[in-house]
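Each chain is listed here by its residues.
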Amino acid sequence: MKKIKSKLLFIILMLFLGVVFINTNVKAASASLSASNMNPEEGQTVTVTGVVTAGAWNLKLSGAGKSETIYGFTQANANASDSKNISFVAGSAGTKYTFTLTGDMTDINANSSEPVNKSITITVKSKTQSNQGGQSSTNTPNTSTPPTNTEKPKTPEKSKVATLSNLGIKPNDFSGFKSNKYSYDVEVPNDVEKIEIYANKGQSAQKITGTGTKTLQEGKNTFSVVVTAEAGNTQNYTINVTRKQKQEETPVEGNPEENVDENKEETPEEEPTDKTFGLTSLKIEGLEIQPEFQTDVYEYKLELKEDIDKLDITTLSSEANSNIEITGNENLVEGENVITIIVKSENEEKTITYQLTVNKVIKIEQEESFMENKKIIILSVAGIVILVIVIGIVIAKLRKEKSYDSEYIPYNGLNNDYNETNEDVFESQEEQTYEEDINDDEYRKNKRSKGKRFK
């Protein structure tokens, strides 16, 4: 019995240590930032690497005009590693490149994240002058005039791209933008007195001028958006906005008093309904937009905490047969996404644009899912431990009952031996009595025969 208890305690101890080992045998969360060469020569290629080891992470590696997002989490019950690289060509001597690794990460055993803020600076040095002809230098003085190096160090060629990735106006936007199309025409109603021109860069080093709020005069208004490439060359985009003329009321010919019907009852004039063109309803399945939707409000924001690539958007136009075009509602990424909804009337005389700024943050959801998975693992291990304990108790009980059946009972079988002995004695006594009876009969017979003989 003691051996069984010892084995059972040993099994429980091993399972407990296994659970502790599973939950503690992980590396602590860490992040690092390194470069293949901290002092490169002019024209050399340098690779900068950001590495993170954690249960969940959301970091950004940036520098040299580039950036990479390091985002993810692990389903296993241990920290995992992830990394991203940025490569660039070193410029002229003395140029410094600063790279940063920022964001936050969460250890597999922690309930809250910890911030990450690392940086390194790479300084470019001049090219090392090599000996001509591969000859080694000696202490002998060189009387010849050293050759003059007239070649200038090569610098990375600057980009000459001066095209945009997007261009438009608010609230009466136009469609059909192409980066190689440089002129656009759009017509707006007379009540539109101001517009806002927006533009997106085609490359990060570009500079854009000509955007912002513009005042419209009646008739044609021409605006230019100038894009300057990194190399300095420029490209103009022209937007021609025509504001419709205000319609004047035409006077009624003749004397109005002569056309009045005296017998006709006067009825109150109905006020004309000035219905704003655009959307009358904008809904996103499972999400709320801020502020509350109104037809004449054109910009909205919402938070997306699910890892989905597309929103389920339902719209309703104020005019029948209107054309509604939705762009940007595909491949939603972590961070800020802009969805544009363009509403055009049937004859395309009226155009209205709505913008949805979607901030996609799925880290919280993933952390909750991670914690749920962790709870499931712990409950599963606990269930296994309890099952093993119950099985051990049942086995111990069965063995105990079996040991009771095999124990020695004092005087057990004594009555059986006593009965068997008495039966043997009784049978022997009966046989002896029978023999004595036979002997007595023979004795009597002999006696009688002898009496007769001597009589």
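Residues numbered from 1 in each chain as written. Predicted model: local features only at pLDDT ≥ 70, side-chain atom pairs only at ≥ 80, totals over all residues. Heavy atoms only, no water.

### Focus on the overall build of the protein chain
Stage number 1. Check the secondary structure of the protein chain and you find three helices and 20 strands.
Stage number 2. Per-residue burial over the protein chain gives 26% buried out of 455 residues.
Stage number 3. For the protein chain, contacts bridging at least 24 residues in sequence account for 60% of all contacts bridging at least 6. (Helix = DSSP H or I, 4+ residues; strand = E, 2+ residues; numbered from the N terminus. Buried < 20%, exposed > 50% of the residue type's maximum accessible area, 1.4 Å probe, protein only. Contact = heavy atoms within 4.5 Å.)

### Some remarks on the environment of Val358
Stage number 1. For Val358, the position within the fold is in strand E20 (residues 351–360).
Stage number 2. Given a relative accessible area of 0%, Val358 falls into the buried group.
Stage number 3. Residues Val358 and Glu336, spaced 22 residues apart in sequence, show a C-alpha to C-alpha distance of 5.7 Å.
Stage number 4. In this structure Val358 touches Leu302, Leu304, Leu311, Gly335, Glu336, Asn337 and Ile339, once residues within four positions along its chain are discounted.

### A short note on the pattern of salt bridges
Stage number 1. The tally for this structure, following the rule as stated, stands at three salt bridges.
Stage number 2. A salt bridge links Glu299 to Lys170, with the nearest nitrogen and oxygen atoms 3.1 Å apart. Separated by 129 residues along the polypeptide, Glu299 in strand E16 (residues 299–304) and Lys170 in strand E8 (residues 164–170) bring together distant segments of the chain.
Stage number 3. The class of Lys170 is buried, set by a relative accessible area of 16%.
Stage number 4. Salt-bridge contacts for Asp307 lead to Lys360; the nearest nitrogen and oxygen are separated by 3.4 Å. Here Lys360 lies in strand E20 and Asp307 lies in the loop between E16 and strand E17 (313–317), a separation of 53 residues in the sequence. (Salt bridge = Lys/Arg side-chain N within 4 Å of Asp/Glu carboxyl O.)

### Some words on the sheet that holds strand E3 (residues 56–63)
Stage number 1. An order of E4-E3-E6-E7 is seen for the four strands of this open sheet, with the pairing classed as antiparallel. Of all strands in the sheet, those bounded by a partner on one side alone are strand E4 (66–73) and strand E7 (114–123). Neighbour-to-neighbour, the strand axes of the sheet open up by a mean angle of 10 degrees, direction not taken into account.
Stage number 2. As defined by bridge partners, strand E6 (residues 96–106) adjoins E7 across ten bridges and the pair is classed as antiparallel. Across the sheet, Lys96 pairs through a bridge with Thr123, a residue of E7. (Pairing = 2+ DSSP bridges. Axes fitted to C-alpha atoms, helices over the stretch in contact; angles between N-to-C directions.)

### Quick notes on the packing of aromatic side chains
Stage number 1. The final tally for this structure, using the stated rule, is nine aromatic pairs.
Stage number 2. The interplanar angle of 25 degrees and the centroid separation of 5.0 Å between the aromatic rings of Phe174 and Tyr184 together place this pair among those described as stacked. Of the two residues, Phe174 sits in the loop between E8 and strand E9 (183–188) while Tyr184 sits in strand E9, which places them ten residues apart along the sequence.
Stage number 3. You can call Phe174 buried: its relative accessible area is 8%.
Stage number 4. Residue Tyr184 is classed as buried on the basis of its relative accessible area of 3%.
Stage number 5. A centroid spacing of 6.3 Å and a plane angle of 35 degrees characterise the contact between Phe177 and Tyr237, whose relative ring orientation is tilted. Of the two residues, Phe177 sits in the loop between E8 and E9 while Tyr237 sits in strand E14 (residues 234–243), which places them 60 residues apart along the sequence.
Stage number 6. Three or more aromatic residues link up through ring pairs in this structure, and these residues are Phe174, Phe177, Tyr182, Tyr184 and Tyr237.
Stage number 7. When the ring centre of Tyr198 is taken as origin, the NZ or CZ atom of Lys170, which lies over that ring, is 5.6 Å away. (Phe/Tyr/Trp six-rings, centres within 6.5 Å; stacked < 30°, edge-to-face > 60°. Lys NZ or Arg CZ within 6 Å of the ring centre and 35° of its normal.)

### Quick word on the nonpolar core
Stage number 1. Residues Val48, Phe99, Leu101 and Met105 are the most contacted members of the largest nonpolar core, which totals 22 residues.
Stage number 2. Elements that contribute at least two residues to this core include exactly strand E1 (30–35), strand E2 (45–54), E3, strand E5 (80–89), E6 and E7.
Stage number 3. Excluding anything up to four places from it in sequence, Leu101 contacts Ala31, Ser32, Leu33, Gly50, Val51, Leu59, Lys60, Leu61, Ile70, Val116, Asn117 and Lys118. (Core = buried A, V, L, I, M, F, W, Y, C linked by side-chain atoms within 4.5 Å.)

### Overview of the environment of Asn85
Stage number 1. One can find Asn85 in strand E5.
Stage number 2. Asn85 gets classed as partly exposed once you look at its relative accessible area, which sits at 44%.
Stage number 3. Counting along the chain gives 24 residues from Asn85 to Leu61, while the straight-line C-alpha distance between them is 8.1 Å.
Stage number 4. Sequence-distant contacts of Asn85, defined by excluding residues within four places in its chain, comprise Thr47, Val48, Thr49, Leu61 and Glu68.
Stage number 5. Polar contacts involving the side chain of Asn85 include one to the side chain of Thr49, which spans 2.7 Å. (Polar contact = N/O pair within 3.5 Å; in protein donor to acceptor, adjacent residues only side chain to side chain.)

### Considerations on a nonpolar patch on the surface
Stage number 1. On the surface, a nonpolar cluster with roughly 370 Å² of combined accessible area is contributed by Phe10, Ile11, Leu13 and Met14.
Stage number 2. Looking at the element boundaries, Ile11 is found in helix H1 (residues 2–24).
Stage number 3. What makes Ile11 partly exposed here is its relative accessible area of 38%. (Patch = residues over 30% accessible without salt bridge, like charges linked within 9 Å, V, L, I, M, F, W, Y side chains within 5 Å. Areas by Shrake-Rupley, 256 points an atom, 1.4 Å probe, with all protein chains shown as cover.)

### Describing the pairing of E16
Stage number 1. Side chains Tyr300, Leu302 and Leu304 of E16 all project onto a buried face; the interleaved residues Glu299, Lys301 and Glu303 project onto a face where none is buried.
Stage number 2. Looking at chain direction, E16 and E20 are connected through six bridges and run parallel. Looking at the pairing, Leu304 lines up with Lys360 of E20.

### Concerning the sheet that holds E14
Stage number 1. Read from one edge to the other, the open sheet built from four strands follows the order E9-E14-E13-E11, with strand pairing classed as mixed. On the outer flanks of this sheet lie E9 and strand E11 (207–209), each paired with one strand and no other. Taken over all neighbouring pairs, the strand axes of this sheet differ in orientation by 20 degrees on average, direction set aside.
Stage number 2. When strand E13 (residues 219–228) meets E14, the two strands line up antiparallel, connected through ten bridges. Within E14, the position partnered with Val226 by the bridge is Asn236.

### Focus: unusual backbone geometry
Stage number 1. A cis geometry characterises the amide bond from Lys170 onward to Pro171, with omega recorded as 5 degrees.
Stage number 2. The residue Pro171 is located in the loop between E8 and E9 in this model.
Stage number 3. The linkage connecting Gln290 with the following residue, Pro291, adopts the cis geometry, with an omega of -5 degrees.
Stage number 4. The topology assignment puts Pro291 in the loop between strand E15 (279–284) and E16.

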